[in-house]
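# Structural description and commentary
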Amino acid sequence: VIWNPVEGLPRDTSAENLTNLKAAVAGEKRLVKRLYDEGAKVHIGTDVMTAFVIPGAGVQEEMRLFAEAGIPLEAVWRIASSGNAGDLRNGLGRLEPGAPADFLVFREDPTQSLEALATLQAVVADGRVYTKADLDKRFARLRTYWTNPVADLVMTEAVRAALAQFRENDK
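Heads up: these notes are all about the structure in this document. (Residues numbered from 1 in each chain as written. Predicted model: local features only at pLDDT ≥ 70, side-chain atom pairs only at ≥ 80, totals over all residues. Heavy atoms only, no water.)

## Notes on the overall build of the protein chain
What counts is decided by this rule: Here a helix means four or more residues in a row that DSSP labels H or I, a strand means two or more in a row labelled E, and each is numbered from the N terminus. Using a 1.4 Å probe on the protein chains alone, a residue whose accessible area is under 20% of its type maximum counts as buried, one over 50% counts as exposed, and one in between counts as partly exposed. Residues count as neighbours in contact if any of their non-hydrogen atoms are within 4.5 Å of one another. All accessible areas in this document rest on Shrake-Rupley with a 1.4 Å probe, and a residue is counted as covered only by the protein chains that are shown.
Per the secondary structure count, the protein chain includes five helices and three strands. Secondary structure elements in the protein chain, listed N-terminal to C-terminal, are α-α-α-β-β-β-α-α. Here the protein chain holds 171 residues, and 22% of them are scored as buried. Put simply, 46% of the contacts in the protein chain that link residues at least 6 apart link residues at least 24 apart. On the protein chain, roughly 11800 Å² of surface is accessible, and the fraction owed to carbon and sulfur atoms is 57%.

## Some points on helix H1 (residues 15-37)
What counts, and what does not: An expected span of 1.5 Å times one less than the residue number is assigned to each helix.
End to end, H1 covers 33 Å across 23 residues, agreeing with the expected 33 Å (1.5 Å per residue, within 8%). Positive phi shows up at Gly39, right after H1, with a value of about 90°.

## Considering the pattern of salt bridges
Convention followed: Here a salt bridge means any side-chain nitrogen of Lys or Arg lying within 4 Å of a carboxyl oxygen belonging to Asp or Glu.
Evaluation of the coordinates by the stated rule reveals four salt bridges. For Lys29, the salt bridge is made with Glu68, and the minimal N-O distance between the two is 2.5 Å. Here Glu68 lies in helix H2 (residues 57-68) and Lys29 lies in helix H1, a separation of 39 residues in the sequence. Exposure remark for Lys29: the relative accessible area of 23% places this residue in the partly exposed category. A salt bridge links Lys132 to Asp136; the shortest N-O distance between them is 2.7 Å. Of the two residues, Lys132 and Asp136 are both situated in helix H4 (residues 132-146); the distance of four residues between them amounts to about one turn of the helix. Taking the relative accessible area as the measure of exposure, Lys132 reaches 33% and is therefore partly exposed. You can call Asp136 partly exposed: its relative accessible area is 38%.

## A look at the nonpolar core
A general feature of soluble globular proteins is that nonpolar side chains tend to end up buried together. To keep it simple, the criterion reads: Nonpolar core, defined: a set of buried Ala, Val, Leu, Ile, Met, Phe, Trp, Tyr and Cys residues in which side-chain atoms within 4.5 Å join the residues together.
By size, the foremost hydrophobic cluster in this structure holds 14 residues, and its most contacted members are Ile44, Met63, Phe66, Ile71, Val76, Trp77 and Ile79. Looking at which element gives the most residues to this core, the answer is helix H3 (residues 73-88), with four residues. Setting aside chain neighbours within four positions, we find Trp77 in contact with Met63, Phe106, Pro110, Thr111, Leu114 and Leu117.

## Notes on the sheet that holds strand S1 (residues 103-106)
Basically, it comes down to this: One requirement defines pairing of two strands: DSSP has to find at least two bridges between them. Note on definitions: angles span 0 to 180 degrees between N-to-C directions of axes, and those axes are lines fitted to C-alpha atoms, for helices only across the stretch in contact.
Pairing in this open sheet of three strands is antiparallel, and the strands run S1-S2-S3 from one edge to the other. Only two strands of the sheet have a single neighbouring strand rather than two, namely S1 and strand S3 (128-131). Recorded for the sheet is a direction-independent mean angle of 20° between the axes of neighbouring strands. Here four bridges tie strand S2 (residues 120-125) to S3, and the two strands are oriented antiparallel to one another. The residue bridging Ala122 from the neighbouring strand is Thr131, located in S3. Sheet strands touched by H4: S2 and S3. Its angle to S3, the strand with the most contacts, is close to 70°.

## What about the environment of Arg30?
In this structure, Arg30 sits in helix H1. Between the alpha carbons of Arg30 and Glu68 there is a distance of 9.7 Å; along the sequence they are 38 residues apart.

## Here we look at the side chain of Thr119
Condition: Definition of a polar contact: a pair of N or O atoms within 3.5 Å, with one able to donate and the other able to accept a hydrogen when the atoms are protein atoms, and with sequence-neighbouring residues admitted only if both atoms are side-chain atoms.
Along the polypeptide, Thr119 turns up in the loop between S1 and S2. A distance of 3.1 Å separates the side chain of Thr119 from the backbone nitrogen of Glu108, its partner in a polar contact. Sequence-distant contacts of Thr119, that is, excluding residues within four places in its chain, are made with Val105, Phe106, Arg107 and Glu108.

Written out as C-alpha cells, the structure reads:
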C-alpha cells in the first residue's frame with residue numbers, strides 16, 4: 001500500500017518497508033499474469049481524480065506494469081483501449097465514423113514499444129486538442145496539489161470518516 005486510508009502517505013520509508021512494497025508489486029504482477037493466462041477479463045485504467053493518480057500517466061504506468069508482468073504488448077494495448085472502452089460504452093475504443101474521437105498523438109509508435117509512450121505530443125478528447133505543454137501544466141498543478149501536506153491531511157481525514165461511516169453502516 002503506497003497510500004494508507006487511515007494513515008495517509010507512508011511515514012515509514014525504511015528499507016524493510018520498501019522491500020516489502022517491491023515484493024507486493026511483484027506478487028500483484030504474477031497474479032495479473034495468471035488471471036490473464038486463465039482467460040479472466042482484466043482491465044487497465046486507474047481512477048481519475050483519486051488522490052495521487054494523474055490522468056493518463058496512471059494508465060501508462062499500468063500498461064508498463066502489465067507488460068512487465070509478461071502480457072504481450074498487443075494484448076496490453078487491446079486491454080487498455082478497445083477492451084476497456086467496449087465495457088464502458090458502445091463505440092469507445094475505435095476510430096471510425098460515429099465513434100467518439102478521443103485519441104493520442106505520439107511522435108513514435110507506442111504499439112512497438114511502451115518506451116514510445118514518452119513521445120506523447122497531444123491528446124484529443126471530446127473534440128478538443130490538448131498539447132504536451134497543456135498536459136505538462138496540468139500535471140504540475142496536480143503534483144503541487146497532491147504533494148501538499150494539507151491535501152494529504154484532508155484526504156486522510158475524509159477517508160477515515162468514510163471508513164467510520166462504512167463500519168457504522170455495517171453493524
